[in-house]
Amino acid sequence: MVLKRKENGKLRKKLATFIFALVLTTSAGVAVFAADSDTTGTAPAAPVAEQPAGATDTANNDATATHTSSGTVTKDNKSDSGFYAPNADLYGDILVKESGSTADYDTEHDKVFETKAGATLDFKATLNGKDVETQYTETLNNVKKTIDNDPRAKIFKVTSDKLGAKGERINITDQLNSFLELEITPDSKLIFPKEISSYKLDAEDVDANGNKRVWYYIDETQSDVTGATKKIYMQLNFKNESAYYTNKTPNIARDGAVTIDTYDDLAPFIVGTEEMPAKLKDLNLLINGVKVADDAQPGDYTVKSVLKGSFVSNPAVGGFTWKTLSGIIGEKAEEKIEYKWTTVQETAQNDNLDGKDNIQPASDNNPWLTVRIPEPVKPPVVPEKPVVPVNPDRPVVPVNPDRDPLLPTIPGTENEKPVTPEVKPEENTPVVPEKPEVPAQPEVKPNVPTKENSKVVKKSTVNKLPQMGVSTIAGATTAIGTVLAAASALTFKKRK
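For the structure given in this document, a descriptive report is provided here. This one's a predicted model, so the numbers in the text were calculated from it and none came from an experiment.

**Some details on unusual backbone geometry**
Leaving glycine aside, a negative phi is the common case for residues, and trans is the common case for peptide bonds.
Then, in step 1: Positive phi is not limited to glycine here, since K157 has a value of about 60 degrees.
Then, in step 2: Along the chain, K157 turns up in the loop between α3 (151-155) and β6 (177-186).
Then, in step 3: Residue class for K157 comes out exposed when judged on its relative accessible area of 63%.
Then, in step 4: Of note in this structure, Q175 is not a glycine but carries a positive phi near 65 degrees.
Then, in step 5: Within the secondary structure layout, Q175 lies in the loop between α3 and β6.

See the structure below:
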């Protein structure tokens, strides 16, 4: 009897083992199905349609290439566990303005920004991580949904409430780290500063109590801006007491460092609220004092940039490491969560802000910016009006430019008045004859008349009167008067 009981006990153990194996096999199929289906919760994010090669953004007149990773799980963008999309885009842009100008930074989508040789410019690189929010929220929602629907989770007593409503019960301190690395390659005629202190990162906000939070800082030990390509390394600025953080990340407890212990502690930076927008959606790097070379010639000068980033953590949920948890309910066990980020040009397609370079080809989707030195504007050539002299033969009157008009004219000195030469009459000008001069009458001396010459005079004068002209008659009359006067004087003398 005792033997039969022992055999029955062995049989029950074998049967339980078989049933448990069958449950594991069946639930594995359920988990795979759940991972391949929509696992984003009650408000799933719409998946991004696969873009064919060479697809373009129709909202951008410059035919902007579409982005590739929206942070949503797809067939080609899925982690080993199947819970999250490892790749997501960060939308970037480069803007410019003249140093000291009060004008806004120019995205130069409408036209190329114009400058001149020797000018000083200020650049701003912007970053919008809106798709990282999708990546972050989908990870939490997919794990929750899988736990609620996978029989294996119940066997191991893993429930979604152990994650917390917002991930506040997921400890992410183990292996926690994140960085952003920006590489800027300017044209050689655009001289960027070689001091890392000239590069200012704006990654600061405040918490609900008004305390300053600085999410990232520029790690000068891993940055290098002395070469042709400028490398700016930005490190996640968080406080943590774990052995991993203390040993692997020496730059701790810096100004404004943020305490990050749980998955939910990342929400203010990645998700944000209406009152306090997420800083990851508005990161700015300011670069002031970029000099346009003095010998830069008219033409286009381009600044290109590439940014990559990463976030790593080994979360712990209900006493399970991520490797254990993903092995129980995931498609495949994985060591840790690792997000990878790359930049694409900010366009109207992804955030209603089109900052794509005006001359950038669609094949290049990295943020870059071009400035232009225009060709100098040449004044129109006006033909000279020929001077037609009135009279080519007319001599030029010499003028003494050193003559002082206030001084008297002194012959033989600098103040001598120029002599105006005789001016010949112009051709084809009618000549007015001058009035002839009347010849002077000879003086008639009084003679003592005699009987003989008196008769001769009278006779000759009388005979010639009809033939004489007016002037002759006048002259004759004068002569007669003279003769008569002389005769009267003689007669008077005789009477005495």
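After that view of the structure, there is still more to cover.
**Some thoughts on the nonpolar core**
Then, in step 1: Core analysis: the biggest nonpolar cluster contains 70 residues, and F123, L180, F192, Y199, Y216, I260 and W341 have the highest contact counts within it.
Then, in step 2: Ignoring anything within four residues of it in the chain, the contact list for Y199 reads F192, P193, I218, V225, K230, I232, L285, L286 and I287.

**Brief notes about the packing of aromatic side chains**
Then, in step 1: Under the counting rule described, the total for this entry stands at 8 aromatic pairs.
Then, in step 2: On the basis of an interplanar angle of 10 degrees and a centroid distance of 4.4 Å, the ring pair of Y136 and Y263 is categorised as stacked. Here Y263 lies in the loop between β14 (258-259) and α5 (267-270) and Y136 lies in helix α2 (residues 130-149), a separation of 127 residues in the sequence.
Then, in step 3: What makes Y263 buried here is its relative accessible area of 3%.
Then, in step 4: Look at F179 and Y233: their rings are 5.3 Å apart centre to centre, the planes differ by 10 degrees, and that puts the pair in the stacked class. Taken together, the residues span a long stretch of sequence, with F179 in strand β6 and Y233 in strand β12 (residues 230-236) at a distance of 54 residues.
Then, in step 5: Take F179: its relative accessible area is 21%, and that puts it in the partly exposed class.

**With respect to the side chain of D122**
Then, in step 1: On the secondary structure map, D122 appears in strand β5 (residues 120-128).
Then, in step 2: No salt bridge is formed by the buried D122; its nearest oppositely charged neighbour, K97, is found at 5.3 Å.
Then, in step 3: Among the polar contacts listed, one links the side chain of D122 to the side chain of S99, at a separation of 2.7 Å.
Then, in step 4: Residues contacting D122, with those up to four places away along its chain left out, are L95, V96, K97, E98, S99, G100, Y105, I287, N288 and G289.

**Some remarks on the packing of α2 against helix α6 (residues 322-329)**
Then, in step 1: For the pair α2 and α6, the least separation of the axes is 11 Å and the interaxial angle reads 50 degrees. Judged by the inter-axis angle, α2 sits oblique to α6. Relative to α6, the crossing made by α2 is left-handed. Facing α2, whose interface residues are V143, T146 and I147, α6 presents W322, L325 and I329.
Then, in step 2: Grouping the amino acids of the contact of α2 with α6 by side-chain chemistry returns 5 nonpolar, 1 polar and no charged.

**Examining the pattern of salt bridges**
Then, in step 1: Within this structure, the stated rule accounts for 12 salt bridges.
Then, in step 2: A salt bridge links K291 to D294; its shortest N-O distance comes to 3.5 Å.
Then, in step 3: Residue D294 is classed as exposed on the basis of its relative accessible area, which comes to 62%.
Then, in step 4: A salt bridge links K323 to E335; the shortest N-O distance between them is 3.2 Å.

What counts, and where the lines are drawn
- Residues numbered from 1 in each chain as written.
- Predicted model: local features only at pLDDT ≥ 70, side-chain atom pairs only at ≥ 80, totals over all residues.
- Heavy atoms only, no water.
- Helix = DSSP H or I, 4+ residues; strand = E, 2+ residues; numbered from the N terminus.
- Buried < 20%, exposed > 50% of the residue type's maximum accessible area, 1.4 Å probe, protein only.
- Core = buried A, V, L, I, M, F, W, Y, C linked by side-chain atoms within 4.5 Å.
- Contact = heavy atoms within 4.5 Å.
- Phe/Tyr/Trp six-rings, centres within 6.5 Å; stacked < 30°, edge-to-face > 60°.
- Lys, Arg positive; Asp, Glu negative; His and termini not counted.
- Salt bridge = Lys/Arg side-chain N within 4 Å of Asp/Glu carboxyl O.
- Polar contact = N/O pair within 3.5 Å; in protein donor to acceptor, adjacent residues only side chain to side chain.
- Axes fitted to C-alpha atoms, helices over the stretch in contact; angles between N-to-C directions.
- Parallel < 35°, antiparallel > 145°, perpendicular 65-115°, else oblique.
- Left-handed = near helix turned anticlockwise from the far one by under 90°.
- Nonpolar A, V, L, I, M, F, W, Y, C, P; charged D, E, K, R; others polar.

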